[in-house]
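Topology and contacts: notes
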Amino acid sequence: HVLLIRLLAGPEANVFGVGDDDQTIYGYAGASPAWLIDFTDLFPGSGSYDLHVNYRCAPAVVDGASTLLQHNRRRLAKTIRAAPNRDRDRMALEHRSSPDPSSVTVGHVLTLIDQGVRPTDIAVLARVNATLLGPMLGLDAAGVATTAPIDVQFLDRTGIAGALAWLRLATAPSRALPGDALETAIRRPPRGLRRNITSWVGEKSSIREIVDLASRLNEARDQNKVADFAADLQQIRDLADDADTEMLLVAIRDEVGLGRALDQRLDASRRSVDRSAHGDDLAALLAVARHQPDPSAFPTWLAERLTTVTPDWKGVRLSTIHRVKGREWPHVIVHEATAGLMPHRLASDVEEERRVFHVAITRSSERTLVVSGTPTSPFVAQLTEAPDPNTPNPAGSIQPKRTGGPGKPTRSVPEATSIEEAQIRERLRVWRSETAKAAGLPAYVVFNDTTLYAIADRRPLNHDDLLDISGIGPVKVERYGTAVIEIITAVLDA
């Protein structure tokens, strides 16, 4: 698109561009702050007209946003100030942390309405849509209308369907296990079984029958997988005798391994987050589990709530941050500013995640409340803590490498999202170089950069997990698998 504009502009390069590099948040669609940062290279001789006054937000929000953005390296230098004569109310930007962020958000909305604020003057903004389930159901129960961004189709999501199937199996009569739930649960988390075997499991009505089926299968590998499923099911059923919904969902996530499977198999390959990840869906279930502690009643309760709640555009706006850039409300609640969501654990560009948070807090014209769970997002501290000028690379930001001169395409290296990922990358690069040199091969023949970054991101600890990564087949696993796993293990155990 930029090339097309340059061609249309001709030799005179008469182009007028408007934008804010600090609000570039649609990287998954190709957006980049580079188009503004490199504008003078793309259109030589261009001048700039800087807008330094934020007329929307309260001074406390403007100050917090300015301090936050100082932690980004890839941006145009600028000084933003609030409009003159604005009241310097320190509470215009407030942060509250709680183990139950939804209750804090709902409580704050109810307080504002009691104070006479109209529901349409309130927005609750989250990083991903699934996170809004708690506020939506909480406000609906309190009789407050909302735009209700989540409907009953939420129940069909992979992680949700799997978790609810396990709940049904955990609480069903011992000799009347529902077949549809069995077929769903044995596939979530995936066990690598053929479809005919999962269908056979679905025809059974008790754990004993499933164990008997396992003993009759021809291949030992299939026998073990079906027997393991039966053991997991027995463990969850035993726990269900004394557990509430929240405890049981945690066990399904951690002990059965549904959460790990969603993260490693379904979500790990994503380098950008433009919608809820499957792991976010599971977290949303946990956020509302305490509202129906009976695990046998929870699936029906949730389905009924999602069926009856209706969107009302005269109610409180519930939205993801990406959907409301350019909008404003007097009162904004940034919901779940929690590590893992802000920055999102699957995002590859920490600086863009910081820009997303910046957009969220600056949607308010009067007050912004930031609500976090535990652990709190590192971005919250960065609202008041400027980066150390002596630090070559501020915390949370890894400078992307760029190639190409003025007017030429640029190529960015995906940013590491943790110290461990960066360390694994570096050790893999050294190992790859040495391995390739010893074999007389170019380095990319061992692993290309894309595969190397995927290994560092997903951190496989066995050969099967390595095979799940694009670009790695059985031959490369045989040649390099043990060395790669040893590198990852050494970094994680350090």
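The preceding data block contains the structure.
In this text the structure is predicted, and so the values were computed from the model without any measurement.

1. With respect to helix α10 (residues 207-216)
An α-helix turns once every 3.6 residues. As a result, residues three or four positions apart point the same way. Listed as buried for α10 are Ile207, Ile210, Leu213 and Ala214. In an axial view of α10, the angular spread of the buried residues amounts to 115 degrees, which keeps them on one side of the axis. Relative to its buried face, α10 has exposed residues pointing more than 90 degrees away, namely Arg208, Ser215 and Arg216.

2. Structural notes on the pattern of salt bridges
For the structure shown, the criterion picks out 23 salt bridges. Asp63 is the partner of Arg88 in a salt bridge, and the nearest nitrogen-oxygen pair spans 2.7 Å. Residue Arg88 is found in the loop between β2 (81-82) and β3 (93-97), and its partner Asp63 is found in helix α4 (residues 59-69); the two are separated by 25 residues along the sequence. Overall, Arg88 belongs to the exposed group, its relative accessible area being 57%.

3. Concerning a nonpolar patch on the surface
A surface patch of nonpolar side chains, amounting to about 490 Å² of accessible area, comprises Phe16, Val18 and Tyr49. With respect to the helices and strands, the residue Val18 is situated in the loop between α1 (2-9) and α2 (34-37).

4. Describing the side chain of Asp21
The topology assignment puts Asp21 in the loop between α1 and α2. With relative accessibility at 3%, the residue Asp21 sits in the buried group. A polar side-chain atom of Asp21 sits 2.9 Å from the main-chain amide nitrogen of Leu76. Within the local environment of Asp21, its side chain forms a polar contact with the side chain of Lys78, the two groups lying 2.9 Å apart.

5. Section: the sheet that holds strand β4 (residues 122-126)
What the five strands build is an open sheet, ordered β3-β7-β6-β4-β5; its pairing is parallel. Only two strands of the sheet have a single neighbouring strand rather than two, namely β3 and β5 (317-320). Averaged over all pairs of adjacent strands, the angle between strand axes in this sheet comes to 20 degrees, irrespective of strand direction. Pairing geometry for strand β6 (residues 329-335) and strand β7 (residues 364-372), over six bridges, is parallel. From the neighbouring strand, Val332 faces β7, where its bridge partner is Thr368. On the sheet, helix α5 (residues 101-114) packs against β3, β4, β6 and β7 and is oriented at approximately 165 degrees with respect to β6.

6. Focus on unusual backbone geometry
In this structure, the amide linkage connecting Arg188 to the following residue, Pro189, adopts the cis form with an omega of 10 degrees. Mapping Pro189 onto the fold places it in the loop between α8 (179-185) and α9 (195-202). For Glu336, which is not glycine, the phi torsion reads 65 degrees and is therefore positive. Structurally, the position occupied by Glu336 is in the loop between β6 and α16 (350-361).

7. Topic: the packing of helix α12 (residues 245-254) against helix α14 (residues 278-289)
At a closest axis distance of 9 Å, the pairing of α12 and α14 adopts a crossing angle of 160 degrees. Taken together, α12 and α14 sit at an angle that is classed as roughly antiparallel. The way α12 lies across α14 gives a crossing that is left-handed. Between α12, through Thr245, Glu246, Leu249, Val250 and Arg253, and α14, the contact on the second element is made entirely by Leu282, Leu285, Leu286 and Ala289. Taken together, the residues of the contact of α12 with α14 sort by class into six nonpolar, one polar and two charged.

Criteria and thresholds
- Residues numbered from 1 in each chain as written.
- Predicted model: local features only at pLDDT ≥ 70, side-chain atom pairs only at ≥ 80, totals over all residues.
- Heavy atoms only, no water.
- Buried < 20%, exposed > 50% of the residue type's maximum accessible area, 1.4 Å probe, protein only.
- Helix = DSSP H or I, 4+ residues; strand = E, 2+ residues; numbered from the N terminus.
- Arc of directions from axis to C-beta.
- Salt bridge = Lys/Arg side-chain N within 4 Å of Asp/Glu carboxyl O.
- Patch = residues over 30% accessible without salt bridge, like charges linked within 9 Å, V, L, I, M, F, W, Y side chains within 5 Å.
- Areas by Shrake-Rupley, 256 points an atom, 1.4 Å probe, with all protein chains shown as cover.
- Polar contact = N/O pair within 3.5 Å; in protein donor to acceptor, adjacent residues only side chain to side chain.
- Pairing = 2+ DSSP bridges.
- Axes fitted to C-alpha atoms, helices over the stretch in contact; angles between N-to-C directions.
- Contact = heavy atoms within 4.5 Å.
- Parallel < 35°, antiparallel > 145°, perpendicular 65-115°, else oblique.
- Left-handed = near helix turned anticlockwise from the far one by under 90°.
- Nonpolar A, V, L, I, M, F, W, Y, C, P; charged D, E, K, R; others polar.

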